[in-house]
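# Examining the three-dimensional arrangement
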Amino acid sequence: MRREWMEIVEHSAVAKDTYRMVLKGQIAEEVKDPGQFVHIQVSDRFFLRRPVSIADVHPDKSEITLLFKVLGDGTQALTEKQTGDKLDVLGPGGQGFPIEEDVREALIVGGGIGVPPLYYLAKQLVEQGIKVTTVLGFRSKEEAFLVEEFKELGSVYVTTDDGSLGEQGLVTDRTGELRGSFDTYFSCGPTVMLKAIANQLDDVRGYLSMEERMGCGIGACFACVVHTPEDDEKGYRRVCCDGPVFKAKEVVL
Amino acid sequence: MRREWMEIVEHSAVAKDTYRMVLKGQIAEEVKDPGQFVHIQVSDRFFLRRPVSIADVHPDKSEITLLFKVLGDGTQALTEKQTGDKLDVLGPGGQGFPIEEDVREALIVGGGIGVPPLYYLAKQLVEQGIKVTTVLGFRSKEEAFLVEEFKELGSVYVTTDDGSLGEQGLVTDRTGELRGSFDTYFSCGPTVMLKAIANQLDDVRGYLSMEERMGCGIGACFACVVHTPEDDEKGYRRVCCDGPVFKAKEVVL
Amino acid sequence: MDISVSLPGLDLKNPIMPASGCFGFGKEFAQFYDLSELGAVILKAATGEKRYGNEAPRVAETSSGMLNAIGLQNPGVEKIVKEEIPFLKTYDTPLIANVSGSTMEEYEHVAATICKEVDALELNISCPNVKEGGVQFGTDPRLAEEVTSRVKSVSTVPVYVKLSPNVTDIVALAKAAAAGGADGLSMINTLTGMRIDPATRKPIISNQTGGLSGPAVKPVAIRMIHQVYQAVNLPIIGMGGIETTDDIIEYLLAGASAVAVGSANFKNPLICKELIEQLPEALERYGFSSIEEVIGGAHYETAASGLFRA
Amino acid sequence: MDISVSLPGLDLKNPIMPASGCFGFGKEFAQFYDLSELGAVILKAATGEKRYGNEAPRVAETSSGMLNAIGLQNPGVEKIVKEEIPFLKTYDTPLIANVSGSTMEEYEHVAATICKEVDALELNISCPNVKEGGVQFGTDPRLAEEVTSRVKSVSTVPVYVKLSPNVTDIVALAKAAAAGGADGLSMINTLTGMRIDPATRKPIISNQTGGLSGPAVKPVAIRMIHQVYQAVNLPIIGMGGIETTDDIIEYLLAGASAVAVGSANFKNPLICKELIEQLPEALERYGFSSIEEVIGGAHYETAASGLFRA
Ligand SMILES: Cc1cc2nc3c(=O)[nH]c(=O)nc-3n(C[C@H](O)[C@H](O)[C@H](O)COP(=O)(O)OP(=O)(O)OC[C@H]3O[C@@H](n4cnc5c(N)ncnc54)[C@H](O)[C@@H]3O)c2cc1C
Ligand SMILES: Cc1cc2nc3c(=O)[nH]c(=O)nc-3n(C[C@H](O)[C@H](O)[C@H](O)COP(=O)(O)OP(=O)(O)OC[C@H]3O[C@@H](n4cnc5c(N)ncnc54)[C@H](O)[C@@H]3O)c2cc1C
Ligand SMILES: Cc1cc2nc3c(=O)[nH]c(=O)nc-3n(C[C@H](O)[C@H](O)[C@H](O)COP(=O)(O)O)c2cc1C
Ligand SMILES: Cc1cc2nc3c(=O)[nH]c(=O)nc-3n(C[C@H](O)[C@H](O)[C@H](O)COP(=O)(O)O)c2cc1C
Ligand code: FES
Ligand code: FES
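Residues numbered from 1 in each chain as written. Chains lettered and ligands numbered in written order. Predicted model: local features only at pLDDT ≥ 70, side-chain atom pairs only at ≥ 80, totals over all residues. Heavy atoms only, no water.

The name given to chain C in an unreviewed UniProt entry is Dihydroorotate dehydrogenase, and the organism recorded there is Halobacillus halophilus. Of chain C, the UniProt comment under Subcellular location (unreviewed entry) reads exactly: "Cytoplasm". Its UniProt record, at the heading Subunit (unreviewed entry), says of chain C: "Heterotetramer of 2 PyrK and 2 PyrD type B subunits." (UniProt positions renumbered as here; feature names shortened; annotations may be inferred.)

With an unreviewed UniProt entry as reference, chain A is termed Dihydroorotate dehydrogenase B (NAD(+)), electron transfer subunit, source organism Halobacillus halophilus. Word for word, the UniProt comment on chain A under Function (unreviewed entry) is "Responsible for channeling the electrons from the oxidation of dihydroorotate from the FMN redox center in the PyrD type B subunit to the ultimate electron acceptor NAD(+)." Under the UniProt heading Sequence similarities (unreviewed entry), the note attached to chain A is "Belongs to the PyrK family."

This is the structure:
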């Protein structure tokens, strides 16, 4: 983990309010696992950094790709950055998705702006010869992104709230039917979605990537803490460093 | 007076830590007198605006010229602005130097970053057929500016603290000797200098431009208040709107 | 959307007014826009006699805010009534006089004199920038109650007591004002602060300390209004760092019925007018259908917001 | 320039240390730089038993600052002694334990247990984020004096009492700590604040209120230190919004003998190290020839700074 001024080498809109940004710097060479994130200082107008998942890595070019959605002032201000600008980045942070040796068939379930880290995961899985099936949920067609990219890696099912792309409905409408076609699932998205998936696939090995508001982003401030089930002695996990990825039953959703 | 986003059309260094900035906008057409100022919002990092004197005006081109010196964070940040950027400006503000009908020979005394407003004044005086003699004081040669420009308008004497330009010494070393060659003096500079001048030229009609920390810059907050002599009923003057220019005996220095 | 609000003595076209001391007596801002657009105007402080105030420098910049130590400079209540209020009366907007003083008697005198000319009083028991009086009244609940009830008994218009945030227990002060008969509260005044210049090694402000205002203090103001709204049944005029319609909505949700904009007028002299124009649309964007729905809205449920990837 | 400072129990190589709760128990920052470079380390709060703290969200952003309501999460004093302090002891820097609790007995127990392992205690009677205890001790001078003297009587190392800024009269609290036998003061803890999200209509922080830190509060901290320095003869560790060497100099001039850097560690994990490196040059730039010359420097004359066109 380091603090670095990374250079913005690409920056463009990819869907409604959603942007893709490619950053160059040494942090790219230090990414360990898919699912890790960077902690971005948008500008000196903002007191806290913003966590954004690493969506892709090109260690050879020292580049990482981020996909972010405008949700507030900080992400709005991020859209104004230009190619060539330097960005104050802390990372790579956190524990990503582990890929156990015995994984053969993986299900990936992403919702909205939870989709990005799953893309780098899917690429890693395929590289290791694991079959990948992906279910992506978006609000609508205009908010969808990365769908074509996932198609290159395996079969993809898309659901949208309004049916403007794929099937109308929730990701869980599809994941239930896919039961049996995978031995491990990996998911990232709204907490309600994670909860629904974890309940539905209760008996399957699964990993979830969580979100919480952060202070330090490195494990020191205890801002990002989540509960663990009662039998856990420690009683908590920090999203920024114990996570953001947890075993499905490791934390209370 | 208006609030306007003025365009920066020129911006360059002219002396040590001293910059010249030309701004385009309607405010330029509304300047009444030499000695007025604009109140600049440097960026959203700064809570208060910065007052800067208008050093020259080209109403035909809708342009004003500012000369500013880096003295703190705000003026430092101002140096980073680029040609083409827009700047949030409030102005023109305050009462400038009045030019009475009977002025025939004027003495101008400027010290350091007090020199800029006197340049537009000198131009106006010359335009009205008034003879102008100028005494400028600077710390050193590398901090001097506008000297050549003043030479085009009349005789110029320069003093520097270290003697690296003109004579070594203070402006008052020279102004005393010039006594008798002018009927009115106009001065702007450090308060200690204004005080020395006002004492030395006690019997001559004079106008001084003052400085004080400002809040609103338009007369509403009473941040910029200075005392008046005891016989003054009101008891105060606001630098931002009653001034910055005052008759030499109107305010307590 | 109708954004009018009715408070004791004040029929506000909208809940937005300039804060005391940040708008003079209106003249300077009248060159930027028509003051009739304002919900109300809160006047600069009035005292019994003319005051010069503190020596300059009187302001200093801070992170997301400023310090001021004007020291209640004003021409005295008689002159304000004669020379300042007539101009403001040419506009169609309610006037609130800010009543200040160093003694009970001075408060009474100012209130009795100025109340005939305005729609309400804002009783300033919280100015941190004068040596005697002012802030003691605002930090000691017994004094606060007494000055409130004495001013109430001479005033012919409703009295809003302006509270100081420089206290351990804001609710105790709000209750004291209520016990004294206040018709409403105004909160908050400035937090006492200081800045020291490393170059001169001295406080930047001549008075040494000054009052901190601006967005820096907003979280403190929101907290105090939220506390007081639950404990005291009086309408609140909220202030402290308001610069955007989101800020206004935050104040209303916390429990303010109207808001005042102070130091932001120095950044942008048109701020009040702009916020008034933007407010209806901002309320609609967040799904509000009336201004009543916003006021105190944060109190209707107690669950905290969740965080979802959308 | 020699920037070492000697305080009761603490020989500081330099006057800069991370503030409690903003540095964990050091491990996370040890990956960025050698902790031996620090003047000292103030540990995260310790309580008698393990605490989970408040529900998330526990932080919110504010203008030039942040709110936090961690709620003193920690593994309990025994585990801290066993599992956290040994790591910190491998570095050549003094350790200050932050002692917290809900009852007199808990404070005594924590202090007695942890004092054997550290160089000084910071008695946290000012945490605004726990329902019981904590802040009452810090707002009532009698309780403050009592808890100080009880902790003093069990502690084998000097005790610095950490004051809350959420009080009417900070000097009264400082005097109470002095009367209780404090060896020094640490000020300030956070100002209680709140933020409400206009979209959810609820407080952003689950605990509703949180503690405000960052540059927004610096003027309040400087003012309080300036006041207390004049009234109480105890060394002060100053904190609140420090981000630059100018900030540090401002604190020292106000009367602090050393400083702690809190939330700025979240912006830049290397901040303490960078400030330590920059401080000697910054002091020279302002013409200081020793660190003693800076401490309390704003008190030696009382004239305010003038303003000159240079
Ligand atoms: C581990 C992790 C990975 C993430 N990856 C991505 C990603 O790849 N792409 C993406 O678009 N978004 C991602 N997010 C969410 C992203 O951090 C928030 O959308 C962003 O912080 C919002 O900032 P803002 O200034 O626009 O919103 P504001 O509401 O103005 O932010 C105010 C404060 O709240 C925090 N905050 C607000 N929403 C969230 C949130 N959902 N999660 C955490 N903090 C929040 C901000 O960081 C900031 O401190 C991720 C969050 C986490 C925790
Ligand atoms: C009427 C008037 C005309 C001026 N004209 C010029 C000019 O033409 N060129 C020029 O270089 N400077 C001029 N100044 C001075 C200029 O305003 C200050 O140098 C500038 O505000 C410093 O800002 P800063 O952010 O760099 O300094 P900081 O010290 O960081 O500023 C902090 C605060 O103090 C205020 N402040 C600091 N120094 C002064 C000062 N000397 N006068 C007023 N406020 C101050 C700032 O405005 C700001 O609010 C003028 C001042 C006044 C009052
Ligand atoms: C320059 C200045 C002068 C003020 N004068 C007064 C005053 O005379 N009476 C008063 O009650 N409050 C006064 N205040 C406090 C404001 O009315 C307001 O309560 C405070 O500034 C918080 O609002 P803001 O953050 O929007 O400025 C003054 C504030 C400033 C900045
Ligand atoms: C996330 C966080 C946790 C904190 N935890 C503690 C704590 O456990 N004990 C304590 O005495 N102060 C605690 N504080 C207060 C800081 O030590 C410090 O007094 C305050 O934040 C002001 O400094 P700053 O503005 O540099 O952050 C905490 C502050 C923050 C931001
Ligand atoms: S954000 Fe600080 S511990 Fe996770
Ligand atoms: S700066 Fe506000 S009155 Fe002059």
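### Here we look at the UniProt feature "binding site: [2Fe-2S] cluster" (unreviewed entry) in chain A
The UniProt record annotates "binding site: [2Fe-2S] cluster" (unreviewed entry) at Cys216, Cys221, Cys224 and Cys240 of chain A. Spanning 25 residues, the named residues nonetheless gather at one spot, since no C-alpha pair among them exceeds 10.1 Å. Structurally, Cys216 of chain A is set in the loop between strand E13 (205–209) and strand E14 (225–227). The contact partners of Cys216 of chain A, leaving out residues within four places of it in the chain, are His39, Leu90 and Cys221 of chain A together with Phe266 of chain D. The residue Cys221 of chain A is located in the loop between E13 and E14 in this model. Each residue touching Cys221 of chain A, except ones within four places of it in the same chain, is listed here: Gly215 and Cys216 of chain A together with Gly21, Ile70 and Phe266 of chain D. (Helix = DSSP H or I, 4+ residues; strand = E, 2+ residues; numbered from the N terminus. Contact = heavy atoms within 4.5 Å.)

### Examining the domain arrangement of chain A
Size of an interface: often given as the accessible area lost when the parts come together. Residue and element names in this part refer to chain A. Examined at the domain level, chain A breaks down into domain 1 (2–93), domain 2 (97–209) and domain 3 (210–247). Between domain 1 and domain 3, the C-alpha centre-to-centre distance is 22 Å. The partner domain 3 presents 8 residues to the 7 residues of domain 1 that form the contact. With both chains or domains summed, domain 1 and domain 3 bury close to 540 Å², and 69% of this area falls on carbon and sulfur atoms. Taken together, the links from domain 1 to domain 3 amount to 0 salt bridges. Breaking the side of domain 1 that touches domain 3 down by element, the ones donating at least two residues are strand E3 (37–41) and strand E7 (86–93). (Domains from an automatic or database assignment. Buried area = accessible area lost by both parts, 1.4 Å probe. Salt bridge = Lys/Arg side-chain N within 4 Å of Asp/Glu carboxyl O.)

### A word on the UniProt feature "binding site: FAD" (unreviewed entry) in chain A
Residue and element names in this part refer to chain A. Cross-referencing UniProt, the feature "binding site: FAD" (unreviewed entry) maps to Arg50, Pro51, Val52, Ser53, Gly74 and Thr75 in the present numbering. Inspection of the secondary structure assignment puts Val52 in strand E4 (residues 50–53). Setting aside residues up to four positions removed in sequence, Val52 forms contacts with Phe37, Val38, Ile40, Leu66, Leu67 and Phe68. Its location among the elements puts Gly74 in helix H1 (residues 73–79). Here Gly74 falls in the buried class, since its relative accessible area comes to 1%. Once you skip the residues sitting within four places of it in the chain, Gly74 turns out to touch Val42, Phe46 and Arg50. (Buried < 20%, exposed > 50% of the residue type's maximum accessible area, 1.4 Å probe, protein only.)

### Thoughts on the packing of aromatic side chains
Each aromatic ring pair is summarised here by two numbers: the centre-to-centre distance and the angle between the ring planes. If you walk through the whole model with that rule in mind, you get 18 aromatic pairs over all chains. Seen in terms of ring centroids, Phe23 of chain D and Phe29 of chain D are 4.2 Å apart; in terms of plane orientation they differ by 10°. Their pairing is stacked. Neither residue differs from the other here; Phe23 of chain D and Phe29 of chain D are each classed as buried. Among the aromatic residues, those joined into a ring-pair cluster are Phe97, Phe186 and Tyr207 of chain A. Over the ring of Tyr236 of chain B we find Lys234 of chain B; its NZ or CZ atom is 5.1 Å from the centre of that ring. For the cation-ring pair, Arg201 of chain D lies above Phe288 of chain C, with the distance from its terminal atom to the ring centre recorded as 3.8 Å. (Phe/Tyr/Trp six-rings, centres within 6.5 Å; stacked < 30°, edge-to-face > 60°. Lys NZ or Arg CZ within 6 Å of the ring centre and 35° of its normal.)

### Things to note about the site of ligand 4
Residue and element names in this part refer to chain D. The local shell around ligand 4 holds 22 residues, among which Ser20, Lys162, Gly214, Gly241 and Ser263 are the closest. Within the side chain of Asn124, one N or O atom sits 3.2 Å away from an oxygen atom of ligand 4. Interatomic distance of 2.8 Å between a side-chain N/O atom of Lys162 and an oxygen atom of ligand 4. Considered on its own, ligand 4 offers 600 Å² of accessible surface; in the complex 97% of this is hidden by protein. Each residue belonging to the shell around ligand 4 can be placed in one class, and the counts come to 8 nonpolar, 13 polar and 1 charged. (Near = heavy atom within 4 Å. Polar contact = N/O pair within 3.5 Å; in protein donor to acceptor, adjacent residues only side chain to side chain. Areas by Shrake-Rupley, 256 points an atom, 1.4 Å probe, with all protein chains shown as cover. Nonpolar A, V, L, I, M, F, W, Y, C, P; charged D, E, K, R; others polar.)

### A few points about the interface of chain D and chain A
Taken together, the contact between chain D and chain A spans 35 residues of the former and 29 residues of the latter. Among the residues chain D hides against chain A, the three largest losses belong to Glu61, Phe266 and Lys267 of chain D. Together they make up 24% of the total. At the surface where chain D touches chain A, the tally comes to 3 salt bridges. Among the salt bridges present, the one from Glu28 of chain D reaches Arg238 of chain A, with a minimum N-O distance of 3.4 Å. Counting every contact that joins chain D to chain A gives 12 residue pairs in polar contact (both at pLDDT 80 or more).

### A closer look at the environment of Thr133 of chain B
All names here are of chain B. Mapped onto the elements of the fold, Thr133 is located in strand E9 (residues 131–138). Here Thr133 falls in the buried class, since its relative accessible area comes to 4%. Along the backbone, Thr133 and Thr191 are 58 residues apart, and their C-alpha atoms lie at a distance of 21 Å. Excluding residues within four positions of it along the chain, Thr133 makes contact with Ala106, Leu107, Ile108, Ser155, Tyr157 and Leu178.

### What to know about the relation of the copies chain C and chain D
Both copies of the chain are related by one operation, a rotation about an axis with a shift along it. Take chain C, turn it by 180°, move it 0.0 Å along the axis, and it overlays chain D with an RMSD of 0.0 Å. Within this description, the copies of the chain are treated as partners about a two-fold rotation axis. A share of 100% of the interface residues of chain C reappears at the interface of chain D, consistent with the copies meeting face to face through the same patch. (Least-squares fit on C-alpha atoms with pLDDT ≥ 70 in both.)

### Focus on a negative patch on the surface
A contiguous patch of negative charge on the surface is contributed by Asp17, Glu142, Asp161 and Asp162 of chain A. Residue classification places Asp162 of chain A among the partly exposed positions, given a relative accessible area of 45%. (Patch = residues over 30% accessible without salt bridge, like charges linked within 9 Å, V, L, I, M, F, W, Y side chains within 5 Å. Lys, Arg positive; Asp, Glu negative; His and termini not counted. Charge placed at Lys NZ, Arg CZ, Asp CG, Glu CD.)

### As for the site of ligand 2
Around ligand 2 sit 23 residues in total, of which Pro51, Gly74, Thr75, Glu211 and Arg213 of chain B are the nearest. Lying at an intersection of chains, ligand 2 is approached by residues of chains B and D. Here a nitrogen atom of ligand 2 sits 3.0 Å away from a polar atom, N or O, in the side chain of Ser53 of chain B. Within the backbone of Gly72 of chain B, a nitrogen or oxygen atom sits 2.9 Å from an oxygen atom of ligand 2. Relative to its unbound accessible surface of 830 Å², ligand 2 loses 92% to contact with the protein. Of all the secondary structure elements, the ones that give two or more residues to the shell around ligand 2 are strand E4 (50–53), strand E6 (63–69) and helix H1 (73–79) of chain B. Tallying contributions element by element places E4 of chain B first for the shell around ligand 2, with 4 residues. Classifying every residue of the shell around ligand 2 gives 11 nonpolar, 4 polar and 8 charged. Two domains each provide a minimum of three residues to the shell around ligand 2, namely domain 1 (2–93) and domain 3 (210–247) of chain B.

### What about the environment of Lys247 of chain B?
Residue and element names in this part refer to chain B. Position of Lys247 relative to the elements: it lies in strand E16 (residues 245–247). Between the C-alpha atoms of Lys247 and Tyr207, which are 40 residues apart in sequence, the distance is 4.5 Å. The residues contacting Lys247, other than those within four sequence positions of it, are Gly206 and Tyr207.

### Here's the deal with the pairing of strand E14 (residues 209–213) of chain D
All names here are of chain D. For E14, a buried count of 5 out of 5 residues is recorded, marking the element as mostly surrounded by other parts of the structure. Pairing of strand E6 (residues 65–68) with E14 involves 3 bridges; the strand directions are antiparallel. Among the inter-strand pairings, Met66 is bridged to a residue of E14, identified as Ser213. Bridge count between strand E11 (residues 191–194) and E14: 4 bridges; the pairing is antiparallel. The residue bridging Met194 from the neighbouring strand is Thr209, located in E14. (Pairing = 2+ DSSP bridges.)

### Let's talk about unusual backbone geometry
Of note, the bond from Gly243 of chain A into Pro244 of chain A is cis; its omega dihedral lies within 30 degrees of zero at 10°. Secondary-structure assignment places Pro244 of chain A in the loop between strand E15 (236–238) and strand E16 (245–247). A positive phi angle, close to 65°, is found at Phe222 of chain A, a residue other than glycine. Turning to its location among the elements, Phe222 of chain A is positioned in the loop between E13 and E14. Relative accessible area serves as the criterion here: at 11%, Phe222 of chain A is assigned to the buried category. Phi at Ser64 of chain D takes a positive value of approximately 55°, unusual for a residue other than glycine.

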